[in-house]
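An overview of the molecular structure
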Amino acid sequence: MKSDQNNLSRPFHAAGARGVLACDGVSLQALAKQYGTPLYVYSGTQIVERLRLFQSAFAGREHLVCYAVKANSSLAILKLLAENGAGFDIVSGGELARVLAAAPEAAGRVVFSGVGKTAEEIDAALDAKILEFNVESESELALLASRAKKRGVKARFALRVNPDVFADTHPYISTGLREHKFGIDIRQAAAIYRAAAKNKWLEPHGISVHIGSQIRSADPFGAAIRRVSKLAAQLRSEGVSLCVIDAGGGLGIDYHAGGDASDPAAKVAEYAAAIEKALDGFEGRLLIEPGRFIVAQAGALVTRVLNVKKNGKKTFVITDAAMNDLIRPALYQAYHEIVPVKPRAGRTRVVDVVGPVCETGDFFARDREMKPVEAGDLLALLDAGAYGMAQSSNYNSRMRPAEVLVEGKKYRLVRRREEMRDLLATEMV
Ligand code: LLP
């Protein structure tokens, strides 16, 4: 039972007598041979399973899981999630266009967050008839009203409030303190709602909050929602009735799980219990915006070792993937487990795993104990499904990787590898 659960929670495991790493039974060696490397590989099964964990944890109330598109915006993944009932949290016109391309029927399940929306982006979202704008300032609310007026429609909005709650995570991805650029001070929100309720082009629809990302404890979510539900109750008593509370995203995963330690169902249950308790009698609809928890552990970046090189005391394993393909270690000192696709026998060595980009910051792991690897071997960087491909770039004029989606025993290319012509397509000499 336990090992079944682990296979479900981590699709990448050794398969078959030869111990070759596979994604839900599809050999990563075979995929690398067919599609080349670096290659992102995702388990569709796990993505849907994770979405369902949230849907069933909140089954007792009206809710919508609005997957945070920024975590992984590949069209095939958006389509898969939409087919399974997800809505979407977007932060740009580009993300809106992606949702509309992948699943136009989901437009009414979209919430639009983000601290700087342009008039064009607002217009596109009004035209698409999205569910709600999560507004982050009074001036944005004024802009929204003016764009809605131009179109003769009423814009549904939530204020994204800043609850001043500390969440223990990397400082770059913590958002819920007053000193951060996000949201509106919760103490000012009531007055803004009261004024907006009188505006013919605005419909006060909800309150939203998002306190940060990769948060492993349920407590800060509870603390933020308690403040938000208190505000909703206060507004209701003043005649401003909001039908939505949007709890944002942020539930973290265990990047060190090593197969055993993480029980995603228990984590989601704990998170849901904290939110339920804090909602304290709120009878409207709950929205949540998970990104990482749905896609991170469903994805791996498969890369080939180009070279193993010794410099003084250090051994460097140089891979064909680099910081432009997966920037998390360089940007947040993030840990990603790295496993050989086909392990070799022998003693472990301490190595740095690095990419070919001309920066010392281009590393995936430093002083990591690993089984022996040789040039030509394949490695898998695990838990790379969230903020991997989505944050990739063409730095060093490198072409971005291809992506494969595994669904049961089947698999398919869902994004072809970039080619030189893609790289040069937008430029004039
Ligand atoms: N909603 C809003 C308004 C957000 O800003 C975010 C993430 C989410 C939802 C989804 O959060 P999640 O459930 O994925 O934690 N690039 C960083 C993470 C940045 C998160 C930004 N906002 C990383 O690789 O760790």
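Predicted model only: the values in this text are computed from it and were never measured. (Residues numbered from 1 in each chain as written. Predicted model: local features only at pLDDT ≥ 70, side-chain atom pairs only at ≥ 80, totals over all residues. Heavy atoms only, no water.)

Observations regarding the sheet that holds strand β3 (residues 26–27)
Two strands in a sheet stick together by hydrogen bonds in their backbones, pointing the same way (parallel) or opposite ways (antiparallel). For the record, the criterion: Paired strands, as defined in this entry, are two strands with at least two bridges between them according to DSSP. Segments assigned H or I by DSSP are reported as helices when at least four residues long, segments assigned E as strands when at least two residues long, and all are numbered from the N terminus.
Overall, antiparallel pairing links the three strands, which are arranged β1-β2-β3 in an open sheet. Only two strands of the sheet have a single partner each, and these edge strands are β1 (12–15) and β3. As defined by bridge partners, strand β2 (residues 20–23) adjoins β3 across two bridges and the pair is classed as antiparallel. Paired with A22 across the bridge in β3 is S27.

Topic: the site of the ligand
Spelled out, the test is: Note on definitions. A residue lies near a molecule or strand when any single heavy atom of the residue is within 4 Å of it. Pairs of N or O atoms are called polar contacts if they sit within 3.5 Å, as long as, within protein, a hydrogen donor faces a hydrogen acceptor (for residues adjacent in sequence, only side-chain-to-side-chain pairs). Surface accessibility in these figures is a Shrake-Rupley result with a 1.4 Å probe; residues are shielded only by whichever protein chains are displayed. Three residue categories are used. Nonpolar comprises Ala, Val, Leu, Ile, Met, Phe, Trp, Tyr, Cys and Pro, charged comprises Asp, Glu, Lys and Arg, and polar comprises the others, including Gly. Domain start and stop points were drawn from an automatic or database domain assignment.
Residues in contact with the ligand amount to 18 residues; listed here are only the nearest, S213, E289, R328, Y332 and Y387. Here a nitrogen atom of the ligand and a side-chain polar atom of E289 are 2.6 Å apart. The side chain of R328 places a nitrogen or oxygen atom 2.6 Å from an oxygen atom of the ligand. When the free accessible area of the ligand is taken as 590 Å², the share hidden by the protein chains comes to 92%. Counted by class, the shell around the ligand contains five nonpolar, seven polar and six charged residues. Both domains that meet at the shell around the ligand, namely domain 1 (12–43 + 297–424) and domain 2 (113–290), each give it at least three residues.

Brief notes about the environment of R160
Quick reminder of the rule: Residue contacts follow a heavy-atom distance rule, with two residues in contact if any of their heavy atoms lie within 4.5 Å.
Examined against the element boundaries, R160 turns out to sit in strand β9 (residues 155–162). Along the sequence, R160 and F182 sit 22 residues apart, while their C-alpha atoms lie 7.9 Å from each other. When near neighbours in sequence (up to four residues on either side) are disregarded, R160 contacts V135, E136, T175, F182, G183, I184, S208 and H210. A distance of 3.0 Å separates a polar atom in the side chain of R160 from a polar atom in the side chain of E136. There is a polar contact of 3.0 Å between the side chain of R160 and the backbone oxygen of H210.

Here's the deal with the pattern of salt bridges
The condition is simple: What counts as a salt bridge is simple: a side-chain nitrogen of Lys or Arg found within 4 Å of a carboxyl oxygen of Asp or Glu. Relative accessible area decides the class of each residue, using a 1.4 Å probe on protein chains only: under 20% of the type maximum gives buried, over 50% gives exposed, and in between gives partly exposed.
By the definition in use, this model includes 22 salt bridges. For E62, the salt bridge is made with R285, and the minimal N-O distance between the two is 3.3 Å. Linking E62 in the loop between α3 (44–57) and β5 (63–68) with R285 in strand β13 (residues 285–288), this pair joins segments that are 223 residues apart in sequence. Assessed through its relative accessible area of 51%, E62 is described here as exposed. Across the pair R415 and E403 runs a salt bridge, and its minimum N-O distance is 2.7 Å. Of this pair, R415 sits in strand β21 (residues 410–415) while E403 sits in strand β20 (residues 402–407), placing them twelve residues apart in sequence. Via salt bridges that share partners, D123, D127, R147 and R151 belong to a single interconnected network.

Quick word on the domain arrangement of the protein chain
To be explicit about the condition: As used here, buried area is the combined drop in accessible area, with a 1.4 Å probe, of two parts when they are placed together.
If you check the domain split of the protein chain, you get domain 1 (12–43 + 297–424) and domain 2 (113–290). Averaged C-alpha coordinates put domain 1 and domain 2 at centres separated by 35 Å. Each side of the interface is counted separately: domain 1 has ten residues, and domain 2 has ten residues. Both faces combined, the contact of domain 1 with domain 2 buries some 890 Å², and carbon together with sulfur accounts for 53% of it. Looking at the side of domain 1 facing domain 2, the largest losses of area belong to Q297, Y332 and Y335, adding up to 52% of the total buried there. Remark: the boundary between domain 1 and domain 2 carries zero salt bridges. Counting across the interface, domain 1 meets domain 2 through zero residue pairs in polar contact (both at pLDDT 80 or more). Within the side of domain 1 that touches domain 2, the residues separate by chemical class into four nonpolar, three polar and three charged.

Some words on the packing of α3 against helix α10 (residues 264–279)
The test is simple: Interaxial angle, 0 to 180 degrees, is taken between N-to-C directions of lines fitted to C-alpha atoms, where a helix line uses only the stretch in contact. Handedness of a crossing is defined here by the sense of rotation of the near helix relative to the far one, left-handed for an anticlockwise turn of less than a right angle and right-handed for a clockwise turn.
In contact at an axis separation of 9 Å, α3 and α10 are set at 35° when each is read in the N-to-C sense. Viewed along their axes, α3 and α10 form a crossing whose handedness is right-handed. Note on element contacts: α10 touches α3 through P264, A265, V268, Y271 and A272, opposite R50, L53, F54 and A57. Looking at the contact of α3 with α10 residue by residue, the class counts come to eight nonpolar, no polar and one charged.

Some thoughts on the pairing of strand β19 (residues 378–381)
A two-sided burial pattern is seen for β19, the buried positions comprising L378 and A380 on one face and L379 and L381 on the other. Both strand β14 (residues 299–311) and β19 contribute to a ladder of four bridges, which runs antiparallel. Its bridge partner lying in β19, L301 is registered against L381. Across three bridges, the pairing between strand β16 (residues 338–340) and β19 is antiparallel.

Notes on the packing of helix α6 (residues 119–127) against helix α7 (residues 138–151)
What counts here: By the definition adopted for this analysis, an angle is roughly parallel if under 35 degrees, roughly antiparallel if over 145, roughly perpendicular if from 65 to 115, and oblique otherwise.
Following both chains from N to C, one finds α6 and α7 inclined at 50°, their axes separated by 10 Å at the closest point. Classified by the interaxial angle, the pair formed by α6 and α7 is oblique. Of the two elements, α6 crosses α7, and the hand of that crossing is right-handed. Note on element contacts: α7 touches α6 through L143, L144, R147, A148 and R151, opposite A119, I122, D123, L126 and D127. Looking at the contact of α6 with α7 residue by residue, the class counts come to six nonpolar, no polar and four charged.

What to know about the environment of G388
By the secondary structure assignment, G388 is in the loop between β19 and β20. Classification of G388 by relative accessible area gives buried; the value is 0%. When the C-alpha positions of G388 and Y40 are compared, they lie 8.7 Å apart, and in sequence the two are 348 residues distant. Setting aside residues up to four positions removed in sequence, G388 forms contacts with Y40, A71, D325 and L326.

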